[in-house]
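A closer look at the structure
This is what each chain is made of:
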Amino acid sequence: MIETSAELALHLGGEVTTLATCIRVIRRDGTVFAFTSGTTDLSIDGVLYHAKGGFSPAAAVETTQSLSVDSLEIDAILDDEGISEDDLRRGLFDGAGIDVFLVNWKNPSQGKLMLRRGTLGEVTLRRAQFAAEIRGLSQAFATQIGELYQPGCNVRRLGDERCKVDLTPFTHTVECSAVHQPRRQFAHAANLQADHTFSFGTVKFLSGANQGTEAEVKSYASGVFTCQLPLPFDVAVGDSFQAIRGCDRTFNTCRTVFANQLNFRGFPHLPGVDEMLRTSQTAALLPAEEPPYVPPVEPPPTIPTPPPPPSEVVYWSITPVVGDVAEGAAGATTTMRFNVSRTGLGTTDAAVDYAVELGTATPDDFAGQVVPSGTMNFAAGEVTKELQIAIQGDAQVEADETFNVVLANPSVGSVRVISAPAVIRNDDAATPPPPPPPPQEGKNTAAPVLQAKGLSLIWQDNLGQPGAPTDSHQFFGPAGSRNTSTDFNLHDNRLSFGQFDGKPCMIEVFRPNKVVLLNYRTQYFPVRYRKMGLCVDVFYPNSLDLSSIDPSKPDFHGKTAFGLACGHPDYNKPGVPTSRGWTGEVNWVENQFGCACGVNYAHRRNGGHLEFAWYAHIVGAKVSGMNRLRTDLYSIPPAGYPSEPKKRVPKGRWFRLELYGAMDTDRSDGALEMWIDGVLTAKMHNIDLGGWVGDRGIRAGLSQKGTAGNGPLSNDCPAHYKTLGGFGFVGPFIRTMGGGYSMDDQFIPKIGGNAYYHNWRVYASNPI
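Residues numbered from 1 in each chain as written. Predicted model: local features only at pLDDT ≥ 70, side-chain atom pairs only at ≥ 80, totals over all residues. Heavy atoms only, no water.

1. Some remarks on the nonpolar core
Tyr 540, Phe 562, Leu 657, Tyr 757 and Trp 760 are the most contacted members of the largest nonpolar core, which totals 44 residues. Apart from the residues within four sequence positions on either side, Leu 657 is in contact with Leu 534, Cys 535, Val 536, Val 538, Phe 562, Phe 612, Met 674, Trp 675 and Ile 676. Counting residues in hydrophobic clusters, the runner-up holds 27 residues, among them Val 325, Ile 391, Leu 407 and Val 412. (Core = buried A, V, L, I, M, F, W, Y, C linked by side-chain atoms within 4.5 Å. Buried < 20%, exposed > 50% of the residue type's maximum accessible area, 1.4 Å probe, protein only. Contact = heavy atoms within 4.5 Å.)

Printed below as a string of structure tokens:
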């Protein structure tokens with residue numbers, strides 16, 4: 001019979017009720033959780049029942065008069081401030097007491113109508129929810145009371161109040177060294193006991209996600225624990241845990257392993273079926289009684305010997321500082337430098353031997369004609385010393401030669417980096433080869449992209465033809481120009497002529513250990529054009545390496561700029577003030593008499609390959625419908641204009657580079673494009689080149705930045721310039737330089753090599 005107060009009974013008999021279901025959970029550690037299905041929190045008997053628990057009974061509450069187990073399931077939402085998933089996984093709510101009752105949420109003082117009292121049973125997690133089984137009080141009648149007559153021990157747990165075994169000597173604290181199954185199988189590095197020692201035992205985690213969790217061990221072999229059931233959370237390497245020896249509940253184990261036979265809670269001498277069926281006739285067929293079991297003698301505990309103090313751990317290595325040099329003149333010596341280092345404690349004196357291991361080099365290549373070797377001694381605390389190898393110069397023309405510097409026989413530690421490579425570069429000139437044979441007729445002049453844009457061929461180099469230039473200064477013919485300020489002499493000139501793959505070519509020479517000079521060549525046409533394109537066949541050998549000889553500058557980046565020059569017919573020519581040249585490029589175009597503001601590209605070394613990058617001197621661009629001007633010397637492109645990423649170019653084969661430029665007519669419709677083998681790889685559209693607008697483009701002065709030039713032409717410039725109007729394309733140019741600076745010795749090439757440019761041709765349309 002369910003009892004309740006008279007006030008609540010009267011409310012229950014009314015036509016309209018205001019009832020709420022309440023649940024109170026009392027964990028075994030005494031922590032209380034209280035929830036209500038109502039919409040507001042309720043205070044009942046001094047306990048606050050939260051309305052945000054998000055629970056609901058999954059079925060009607062039924063109670064019978066029989067002794068069968070009554071059960072009820074509830075669904076609830078996980079809440080870190082209430083019942084969290086971690087607590088459920090750790091088993092903190094297993095066996096918790098629970099009360100389910102009804103109250104009048106408008107007047108909780110009317111009392112409670114108890115629906116169910118029992119304990120929590122199986123809990124199921126479903127994403128952000130859980131379902132819990134409530135077992136009634138009759139569940140206790142399903143529990144075994146008393147002892148069963150059986151051979152095995154029936155204590156609930158090894159070491160409990162009935163077993164009385166002291167678990168201290170059988171408990172080991174170890175760390176997880178490997179995980180085979182994240183929540184069930186893991187291993188430890190220490191060799192604790194023989195196989196099966198911890199089978200049927202327990203593990204208790206002292207750290208990690210499972211801290212405080214205990215689990216039964218199903219099996220133990222070769223240092224690997226396998227749990228009977230999955231753990232709540234993944235086990236991680238480094239988690240520490242206690243491993244407690246297991247017991248198979250047999251009398252033999254209780255006596256021989258634990259010496260606890262007096263507390264054995266089984267009946268080991270209970271006769272089995274074979275004994276009860278024994279007769280005088282069958283006795284002879286039964287096996288003889290086994291001899292009594294003699295327990296093994298447990299070895300006395302041993303105190304582990306402390307490990308010896310750690311010895312000094314040292315690793316030796318050698319790296320080149322300057323390991324690639326020109327051999328030098330006959331009778332002179334050149335020094336190679338290597339760093340020999342040791343890493344580790346470095347607290348004692350130490351030494352290591354070194355020796356030169358010959359490759360293609362010979363003893364004659366070293367000072368004194370002796371192959372170097374010796375010992376390097378390090379004082380305490382000294383970690384790096386420089387090793388110097390003297391190279392003997394000569395006047396013999398020969399191939400580059402190689403050797404290795406090898407470390408061996410360290411007095412302490414071991415050698416990690418055994419050797420460092422070295423190269424001796426030949427710097428003696430051979431007799432020049434005979435001139436190449438004349439090229440075949442029918443030189444290629446195709447430029448498919450430029451021709452498709454309606455441009456026509458107006459100029460082509462005459463390499464291989466009668467009257468071809470013999471000096472690269474003459475490459476563009478009488479109308480060409482060069483930068484005389486840094487292009488000092490023919491010997492150091494980066495540009496020359498030669499033949500590659502049967503083709504007369506312009507060659508760009510990278511000389512090892514030579515400063516990279518600036519070379520500037522421009523071809524001017526008597527007529528300016530509104531649209532112009534340049535087509536060049538290019539070959540970069542796979543062996544071309546632009547590494548710097550300076551280790552602090554590992555990515556040497558040089559410029560080989562093919563471009564379209566803009567301005568007036570005498571821009572940057574010999575005899576014209578240099579203020580109209582380079583200054584014109586880095587300042588606003590229209591403040592000068594002209595500049596190389598068309599398409600201007602540079603190749604840069606990055607990760608062993610070459611890439612082209614934009615280097616276009618433009619005035620501005622149209623961004624989001626608005627004209628944006630250049631705001632400083634080098635803001636290319638202007639702010640807000642999308643930047644084109646660098647483009648990787650092929651090596652080891654000829655490829656066709658086509659550059660296209662179109663002068664703007666309204667300050668925002670200019671265009672620059674780059675095509676490689678007919679594929680558009682970079683573009684800048686809607687740009688202001690300082691181009692063909694009649695009242696713009698020519699202003700006097702050297703650096704009038706910020707004047708964007710919408711007014712009439714300046715009156716103090718030469719008279720013939722007043723009739724020329726804005727800019728137009730005047731011809732192609734090539735510029736070679738290193739590192740962005742003409743003569744920066746930080747960018748001296750480490751390895752020599754050549755690049756090849758074949759068959760230059762220029763296309764144009766819309767003459768001005």
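2. Points about the environment of Glu 133
Along the polypeptide, Glu 133 turns up in strand E9 (residues 129–136). Taking the relative accessible area as the measure of exposure, Glu 133 reaches 23% and is therefore partly exposed. The spatial distance from the C-alpha of Glu 133 to the C-alpha of Gly 121 is 5.0 Å, given a sequence separation of 12 residues. (Helix = DSSP H or I, 4+ residues; strand = E, 2+ residues; numbered from the N terminus.)

3. A closer look at the sheet that holds strand E18 (residues 333–344)
Taken in spatial order, the 4 strands make up an open sheet running E21-E18-E16-E23, and their pairing is mixed. A single partner strand is all that each edge strand has here, and the edge strands are strand E21 (384–392) and strand E23 (414–415). Alignment of strand E16 (residues 314–322) against E23, held across 2 bridges, turns out to be parallel. Counted as the bridge partner of Tyr 315 is Ser 414 from E23. (Pairing = 2+ DSSP bridges.)

4. Observations regarding the sheet that holds strand E19 (residues 350–358)
Sheet architecture is open: 5 strands sit in the order E17-E24-E22-E19-E20, paired in mixed fashion. A single partner strand is all that each edge strand has here, and the edge strands are strand E17 (324–326) and strand E20 (373–378). Going from strand to strand, the sheet's axes swing by 25° on average, the running direction of each strand aside. In this sheet, strand E22 (residues 401–408) lies alongside E19 in antiparallel orientation, the contact comprising 6 bridges. The residue bridging Leu 358 from the neighbouring strand is Phe 403, located in E22. (Axes fitted to C-alpha atoms, helices over the stretch in contact; angles between N-to-C directions.)

5. So, the state of the cysteines
Tallied over the entire structure, the rule returns 0 disulfides. With no disulfide of its own, Cys 153 has Cys 254 as its nearest cysteine by sulfur position, at a separation of 6.3 Å. In this structure Cys 163 is a free cysteine whose sulfur lies 6.3 Å from that of Cys 153, the closest cysteine sulfur available. (Disulfide = S-S within 2.5 Å.)

6. Comments concerning the pattern of salt bridges
Counting across every chain of the model gives 13 salt bridges. We note a salt bridge from Asp 234 to Arg 183, for which the minimum N-O separation is 2.9 Å. Of this pair, Asp 234 sits in the loop between strand E14 (224–227) and strand E15 (240–244) while Arg 183 sits in the loop between strand E10 (171–181) and strand E11 (185–188); the two residues are 51 residues apart in sequence, bridging distant segments of the chain. Asp 677 is the partner of Arg 653 in a salt bridge, and the nearest nitrogen-oxygen pair spans 3.0 Å. Of this pair, Arg 653 sits in the loop between strand E37 (647–648) and strand E38 (654–662) while Asp 677 sits in the loop between strand E39 (670–676) and strand E40 (679–688); the two residues are 24 residues apart in sequence, bridging distant segments of the chain. One connected set of salt bridges, linked through shared partners, spans Arg 24, Asp 99 and Arg 117. (Salt bridge = Lys/Arg side-chain N within 4 Å of Asp/Glu carboxyl O.)

7. Quick look at the side chain of Ser 472
Within the fold, Ser 472 resides in the loop between strand E25 (456–460) and strand E26 (480–482). Within the structure, the side chain of Ser 472 is placed 2.9 Å from the backbone oxygen of Leu 495, a separation counted as a polar contact. When near neighbours in sequence (up to four residues on either side) are disregarded, Ser 472 contacts Asn 493, Leu 495, Ser 496, Phe 497 and Arg 521. (Polar contact = N/O pair within 3.5 Å; in protein donor to acceptor, adjacent residues only side chain to side chain.)

Keep in mind that these numbers describe shape and distance, not what the molecule does.
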